[in-house]
Amino acid sequence: MILIVDDKQENLISLRSFLEHNDFEVEEASSGEEALKKVLKTVYSLIILDVQMPGMDGFEVAETVLDYSKAKDTPILFLSAVNIDKEFITRGYRAGGVDYITKPFDPDILLLKVKTFKRLFEQTNELKKVQKTLKKEIEARKELEKKKDEFISIASHELKTPLTSIRGYVQLLERLIQRKGDEELTPYIQKVSQQINKLGDLVSDLLDISKMESGKMKFDIRPFSFEDMLNNAIDNIQQVYPEYEIKRIGSVNTMYLGDEMRIEQVLINYLTNGVKYSPENKTLEVETIIEDNFLEVRVRDYGIGISQELQEQLFEKFFRVEETSHRFQGLGIGLFICQEIIERHGGKCSVESTLGEGSTFIFTLPMKTIN
Ligand code: ADP
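None of the values given here were measured: they were computed from a predicted structure. (Residues numbered from 1 in each chain as written. Predicted model: local features only at pLDDT ≥ 70, side-chain atom pairs only at ≥ 80, totals over all residues. Heavy atoms only, no water.)

**Student:** Any chance you could break down the overall build of the protein for me, citing the residues and the numbers?
**Tutor:** Counting its secondary structure elements, the protein contains nine helices and 13 strands. Against the 2.2 N^0.38 benchmark of 21 Å for 371 residues, the protein shows a C-alpha radius of gyration of 37 Å, more extended than a compact globule. The burial tally for the protein puts 38% of its 371 residues in the buried class. Put simply, 68% of the contacts in the protein that link residues at least 6 apart link residues at least 24 apart. For the protein, the exposed area adds up to about 21,900 Å²; of that, 54% sits on carbon and sulfur atoms. For the protein, the distance from the average position of its 49 positive side-chain charges to the average position of its 63 negative side-chain charges is 4 Å. (Helix = DSSP H or I, 4+ residues; strand = E, 2+ residues; numbered from the N terminus. Rg over C-alpha atoms; globule rule 2.2 N^0.38 Å. Buried < 20%, exposed > 50% of the residue type's maximum accessible area, 1.4 Å probe, protein only. Contact = heavy atoms within 4.5 Å. Areas by Shrake-Rupley, 256 points an atom, 1.4 Å probe, with all protein chains shown as cover. Lys, Arg positive; Asp, Glu negative; His and termini not counted. Charge placed at Lys NZ, Arg CZ, Asp CG, Glu CD.)

Next up, the structure:
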């Protein structure tokens, strides 16, 4: 529907018949005030406004109309017999009008403009509808995502409790077997224990991921002995994998300001990967270098290595090397979590590796030491 506004009856009649003749539906108003009343009730696809009218002139009407939520997207075409100088034309545009036609107008041009503006209005409306649907869709997806995060968080919490209990019973069994001297059973119970630890690590990783995604991963920043932390982590791995030799190169004789448990988690993750992806050569090295106010930790293995082109993706969520994924279990989230922990400490994770020769996983932290 098009609204035509003009104070002269003969203009309204000729414009209406011209537009109706071209299949447009038309309503008319003979003053600015009447036009405003109509605009409040109906959404028009175009308003054709005479500029010179007694009372409110066309510009005032346009300025008011554009404040109405119902009409803020409606194009306005100004018609004027006079006032064609630049200042008036600019005023027309400033008021939000999209075009300006001076009388006497060429009917073909007017028709073209009316058609274009009507189409523009319809397209804008269409676009708005699509936008609205998309917004709804995004909201719905966000809600689903939240439910998924909540589910992961609850599920992993629930898994933790029975796991802790199983771990306790297995330790009890281990002791009983030792006491009874039932050597035959020892390797089996060790396997059970190893698998429980793996399950425990997986559950912890899932919990960490859900904390990361919901922005709830908190850090407990305190000064700690970096060297003690390194040795703890190495002892830990050494106990679980006694067949591996873990060398320590360098030393860090400073108190470091950071989350000790989380940084140890990164180191344990690197070392566990070192063990996992080096089934043959059982040597690992943990080297520390302090340089230019940075503390670098390098965990070297002589295992399967990673080809150059895949190295950049290793720290992405769920990334695993396709060719070897059938040989080694995993979810591909360990390094992703490591990267988050190190980056949240202002540091960086990286890797140097040669396929078939081994890898060095590195994390570099800015020195924030307490003397
Ligand atoms: P996961 O080991 O559970 O798959 P990670 O995030 O710890 O997940 O590691 C991602 C991928 O990086 C692994 O699947 C593996 O392909 C590769 N990778 C990690 N550490 C090593 C390593 N020391 N040697 C060779 N490949 C490794």
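**Student:** Talk me through the site of the ligand; I want residue IDs and the actual numbers.
**Tutor:** Around the ligand there are 18 residues in total, and Asn273, Tyr277, Asp301, Arg320 and Leu335 lie nearest to it. Leu331 is positioned with one of its backbone polar atoms (N or O) 3.1 Å from an oxygen atom of the ligand. Within the side chain of Ser359, one N or O atom sits 3.5 Å away from a nitrogen atom of the ligand. Relative to its unbound accessible area of 530 Å², the ligand is 96% covered by the protein chains. For the shell around the ligand, the secondary structure elements donating two or more residues are helix 8 (260-276), helix 9 (334-344) and strand 12 (358-366). (Near = heavy atom within 4 Å. Polar contact = N/O pair within 3.5 Å; in protein donor to acceptor, adjacent residues only side chain to side chain.)

**Student:** Describe the packing of aromatic side chains, listing the residues and the values that go with them.
**Tutor:** Under the criterion given, the structure shown has 10 aromatic pairs. Residues Phe59 and Phe78 carry aromatic rings whose centres are separated by 5.2 Å and whose planes lie at 55° to one another, so their mutual orientation is tilted. Here the residue Phe59 occupies a position in helix 3 (residues 58-65), and Phe78 occupies one in strand 4 (residues 76-80), the gap between them amounting to 19 residues. When its relative accessible area of 1% is taken as the criterion, Phe59 is described as buried. With a centroid separation of 6.3 Å and an interplanar angle of 80°, the aromatic rings of Tyr241 and Tyr244 are classed as edge-to-face. Per residue, the accessibility class of Tyr241 equals that of Tyr244, and both read buried. These aromatic residues form a ring-pair network of at least three members: Tyr270, Phe315, Phe361 and Phe363. (Phe/Tyr/Trp six-rings, centres within 6.5 Å; stacked < 30°, edge-to-face > 60°.)

What is shown is where atoms sit, not what they do.
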